[in-house]
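Breakdown of the fold
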Amino acid sequence: MSEVVGATPARPAAGRSPLMSLVLAVGRHRLASVGLVVVALLSLVALLAPLLAPYSPYEQDLYNVLSGPSPAHWLGTDNVGRDLLSRLIYGTRISLFVGIVGTLLSAAVGVTVGLIAGARGGLVDAIIMRITDAFLCFPPLIFILAMSAALGPGIHNVILSFALFGWTGFARIIRGQVLLVRELPYVEAARSIGMSPLRIMWRHILPNTLAPIIVAVSISIGLAILVESGVSFLGLGVQPPTASWGKELRVGFTYIETVPLFSIVPGLLIALAVIAFNFIGDGLRDALDPRLRGAMGRS
Amino acid sequence: MGRYIIVRLCHAAIVLAVVTVLVFVIARLIPGDAIMAAMAGSVDMSDASVVKTVRATYGLDEPLPLQFLTWLERFVTGDWGTSLGTGEPVLNMFLSRLPVTLELFAGATLWSLAIGLPVGLIGALKRNSGTDVVLTAGALLGVSLPSYWEAIVLIYLFAVLLPILPPSGYVPFAEDPLLNITSMILPSFVLGTHSAGLLARYVRGSLLEVLGQDFIRTARAKGLRERSVVIWHALKPAMIPIVTIIGLSWGGMLAGAFFVEVIFALPGLGRMSVDAIFQKDFPVIQATLIAVSVNVLLVNVLVDILYGYLDPRVRIR
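Model, not experiment: these values are computed from the prediction.

**Remarks on the domain arrangement of chain B**
- One can read the domain layout of chain B as domain 1 (2-76) and domain 2 (96-278).
- For domain 1 of chain B versus domain 2 of chain B, the distance between C-alpha centres works out to 36 Å.

**Thoughts on the interface of chain A and chain B**
- Tallying the contact residues gives 41 residues for chain A and 43 residues for chain B.
- Secondary-structure elements contributing two or more residues to the side of chain A that touches chain B are helix H2 (30-47), helix H5 (122-136), helix H6 (140-151), helix H9 (197-233), helix H10 (245-254) and helix H11 (261-288) of chain A.
- Of the residues contributing to the side of chain A that touches chain B, the split by class is 28 nonpolar, eight polar and five charged.

**Some details on helix H8 (residues 177-211) of chain B**
Residues and elements named next belong to chain B.
- With 35 residues, H8 extends just 44 Å between its outermost C-alpha atoms, more than 12% less than the 51 Å of an ideal straight helix rising 1.5 Å per residue.
- Ile185 marks where H8 bends most, by close to 35°; the proline Pro187 follows one to four residues later.
- With 25 of its 35 residues buried, H8 lies for the most part within the structure.

**What to know about the nonpolar core**
- Core analysis: the biggest nonpolar cluster contains 157 residues, and Ile142(A), Ile144(A), Leu145(A), Ala146(A), Ile270(A) and Ala151(B) have the highest contact counts within it.
- When residues of this core are assigned to domains, at least three map to each of domain 1 (2-76) and domain 2 (96-278) of chain B.
- With sequence-adjacent residues up to four places away left out, Leu145(A) is seen in contact with Val231(A), Leu234(A), Leu236(A) and Ile277(B).

**Some thoughts on the packing of helix H5 (residues 90-125) of chain B against helix H11 (residues 240-263) of chain B**
Residue and element names in this part refer to chain B.
- One can describe the packing of H5 onto H11 by two numbers: an axis separation of 11 Å at closest approach and a directional angle of 125°. Comparing their axes, H11 and H5 come out oblique. The interaxial crossing formed by H5 with H11 has right-handed handedness. Here H5 contributes Thr101, Leu104, Phe105, Ala108, Thr109 and Ser112 to the contact with H11, which in turn contributes Ile246, Ser249, Trp250, Met253 and Ala257.
- Grouping the constituent residues of the contact of H5 with H11 by class yields seven nonpolar, four polar and no charged.

**Examining the packing of H5(A) against helix H7 (residues 155-182) of chain A**
Residues and elements named next belong to chain A.
- At a minimum axis separation of 9 Å, H5 and H7 run at an interaxial angle of 130°. As summarised for this structure, H5 and H7 are arranged oblique, according to the angle between their axes. Note that H5 runs across H7; the crossing there is left-handed. The segment H5 lies against H7, with Thr132, Phe135 and Leu136 engaging Phe165, Thr168, Ala171 and Arg172.

**What about helix H12 (residues 269-278) of chain B?**
- Among the ten residues in H12(B), eight count as buried, and that is most of the element.
- Among the structural elements, H6 of chain A together with H5, H11 and helix H13 (282-310) of chain B are those in contact with the buried residues of H12(B).
- Phi turns positive, to about 50°, at Lys280(B), one or two residues after H12(B).

**Some thoughts on the confidence of the model for chain B**
- Per-residue confidence for chain B averages 82 on the pLDDT scale, and 92% of its residues sit at or above 70.
- Scored as a complex, the prediction yields pTM 0.81 and ipTM 0.76.

**Some words on unusual backbone geometry**
All names here are of chain B.
- One non-glycine residue, Asn128, lies in the positive phi region at around 70°.
- Mapped onto the elements of the fold, Asn128 is located in the loop between H5 and helix H6 (130-144).
- By the C-beta count within 10 Å, which is 15 here, Asn128 ends up partly exposed.
- In this structure, Ala265 takes a positive phi of about 50° despite not being glycine.
- Mapping Ala265 onto the fold places it in the loop between H11 and H12.
- With 14 C-beta atoms counted inside 10 Å, the residue Ala265 sits in the partly exposed group.

**Section: the environment of Asp282(A)**
- Within the secondary structure layout, Asp282(A) lies in helix H11.
- Apart from residues no more than four positions distant in its own chain, Asp282(A) is found in contact with Leu31(A), Ala32(A) and Leu140(B).

**Considerations on the environment of Thr132(A)**
Residues and elements named next belong to chain A.
- In this structure, Thr132 sits in helix H5.
- A tally of 22 C-beta atoms within 10 Å means that Thr132 is categorised as buried.
- Distance from Thr132 to Arg182, taken between C-alpha atoms, is 21 Å for residues 50 residues apart in sequence.
- Aside from chain neighbours lying at most four places away, what touches Thr132 is Thr168, Ala171 and Arg172.

Thresholds applied
- For every chain, the first residue of the written sequence is number 1, and numbering continues from 1 onward in sequence order.
- Both sets of labels track the order of writing: A upward for chains, 1 upward for ligands.
- Where totals are concerned, whole chains, interfaces and linings use all residues; where local detail is concerned, this predicted model gives features only for residues with pLDDT of at least 70, and gives and counts side-chain atom pairs only at 80 or more.
- Here the bounds of each domain stem from an automatic or database domain assignment.
- Contact criterion: two residues are in contact if their C-beta atoms, reconstructed from the backbone, are within 7 Å.
- What counts as a helix is a DSSP run of H or I of at least four residues, what counts as a strand is a run of E of at least two, and both are numbered from the N terminus.
- Each residue receives one of three labels: charged for Asp, Glu, Lys and Arg, nonpolar for Ala, Val, Leu, Ile, Met, Phe, Trp, Tyr, Cys and Pro, and polar for the others, Gly being one of them.
- A helix is expected to span 1.5 Å for every residue after the first.
- Fitting one axis to the seven residues ending at a residue and another to the seven starting there, the bend at that residue is the angle between the two axes.
- The burial label depends on the number of other C-beta atoms within 10 Å of a residue's C-beta. Counts of 20 or more mean buried, 12 or fewer mean exposed, and intermediate counts mean partly exposed, with C-beta atoms placed from the backbone.
- Each nonpolar core consists of buried Ala, Val, Leu, Ile, Met, Phe, Trp, Tyr and Cys residues. Their C-beta atoms, within 7 Å, join them into a set.
- For helices, the fitted axis covers only the stretch in contact; all axes are lines through C-alpha atoms, and the angles between them, taken along N-to-C directions, range from 0 to 180 degrees.
- Here roughly perpendicular refers to angles of 65 to 115 degrees, roughly parallel to angles under 35, roughly antiparallel to angles over 145, and oblique to all remaining angles.
- Crossing chirality is assigned from the near helix's rotation relative to the far helix, an anticlockwise turn below a right angle marking it left-handed and a clockwise turn marking it right-handed.
- pLDDT measures how confident the predictor is about each residue, on a scale from 0 to 100.

Next comes the structure, spelled out in structure tokens:
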């Protein structure tokens with residue numbers, strides 16, 4: 001941003017990098033800071049899974065099935081005597097992996113499509129937006145389930161389907177932002193001094209569309225986690241013997257009357273992760289939207 | 001206004017065309033021929049002539065664009081094919097399961113209005129108070145909780161620990177109205193909480209936005225009591241987004257119905273679709289996808305038209 005500096009939607013306070021002031025703003029937001037802490041903890045658990053898990057997630061103890069909580073197995077054992085706590089710890093990896101990779105892929109597709117639509121305009125824009133609308137007609141979960149049925153079960157197909165159907169939101173946001181930013185004086189100025197369209201796109205338009213994208217990324221990670229556990233819950237996602245929160249929840253549901261913890265704890269983890277990402281997304285949205293400044297849960 | 005409606009309808013028609021192509025493509029993504037995969041259990045696939053006959057019967061030996069047109073023509077004329085799982089005509093299956101899902105949706109919409117509207121209103125009117133933070137967090141909870149987990153916890157609470165509601169199952173209203181309603185309470189609540197959370201957030205946000213506008217300041221300045229300001233001036237413009245949320249939540253609800261109907265053993269469209277997905281019953285999958293998208297499209301067009309009616313500025317764009 002050396003040549004021309006104009007008023008942008010989310011101008012950081014003087015003297016701080018945009019990223020830093022964003023982090024600070026989120027930190028001031030009560031719910032968002034709770035979300036940040038939860039996400040940090042979950043990431044640690046995922047990274048340190050082999051150190052934290054008291055047992056191997058695959059080790060069966062057939063003499064000790066569905067035991068319920070005990071000093072040896074804090075959360076009890078599953079229907080083939082595997083330690084539930086260890087399985088849930090390893091399940092964190094699956095959830096975060098699908099959440100992050102699925103979101104990054106769909107964001108990459110969505111941002112590219114949105115940039116092209118917004119920058120080219122005209123017929124290209126019209127065609128792209130009608131296709132986006134078509135994708136938006138299906139609730140993503142239904143389409144992802146149909147894709148999983150078509151491509152076969154498995155975690156990679158879940159990620160692939162999520163990327164294929166999760167990009168539309170990003171595309172719409174980016175296109176809207178590009179249309180907004182494109183006509184601002186500093187872009188016009190850049191154009192008038194003869195900058196190439198690609199360079200204008202990269203240096204001036206893209207950075208100023210990032211704010212809403214970051215919000216969307218955070219919410220999309222939560223959605224991807226929800227989708228993965230949902231698909232695994234229905235039996236089309238992660239395949240045995242791999243542990244996943246949704247999978248454990250499904251198996252546990254069978255034993256709801258005898259060992260309720262078996263299904264309640266995995267569900268609690270899914271909810272916790274999704275809520276944490278949504279909290280962060282909410283906090284970011286408030287931090288980035290000057291109109292709402294001071295309106296949300298800040299002290 | 002007329003021109004505006006025609007433009008919206010044209011858009012919808014184009015989108016519908018793209019959707020049908022997408023659905024057709026997805027069905028063909030099933031490795032191998034879908035029908036061959038499904039028939040593998042019942043006929044001798046090692047016999048080349050049998051394979052050829054089956055392919056010819058289902059039109060699989062024709063070029064893809066031709067297959068697409070044939071399929072489309074039949075679909076439009078009400079011939080939705082035959083389920084590979086049950087052997088029934090898909091249209092009949094669809095129509096026989098529709099009432100269950102519609103009842104579920106109606107119940108869920110009632111729940112979401114009953115919870116979402118007051119929560120959003122109170123949140124906006126008492127903004128930044130402790131009540132607001134609790135309600136905002138609660139609304140986010142409603143949006144984020146996985147429906148299947150909510151269902152399981154509620155079944156545990158109200159059917160296992162405190163057995164006052166049936167854990168699952170469905171009885172038609174005509175057979176036993178009371179049991180029909182009690183067995184719908186939990187499923188519709190689970191389905192409704194998601195849109196209730198969304199609704200609460202939107203109502204809160206849009207009311208806050210309206211309350212910050214000039215005409216509200218004018219109303220206050222001319223000495224109206226705060227209650228009158230909210231009821232007579234702020235509420236009506238703030239309610240516009242509700243139309244969208246309710247409309248759009250019907251599309252999302254079908255995804256929720258996948259889980260809710262499976263967990264509560266309700267014989268509706270969601271349950272039918274899940275079964276179809278597992279059996280690779282692609283005539284049923286195709287029909288469901290088309291039905292969902294047509295539903296969403298119609299709702300979108302209706303919402304657009306309503307918007308144009310409620311907010312004249314929209315028409316110009």
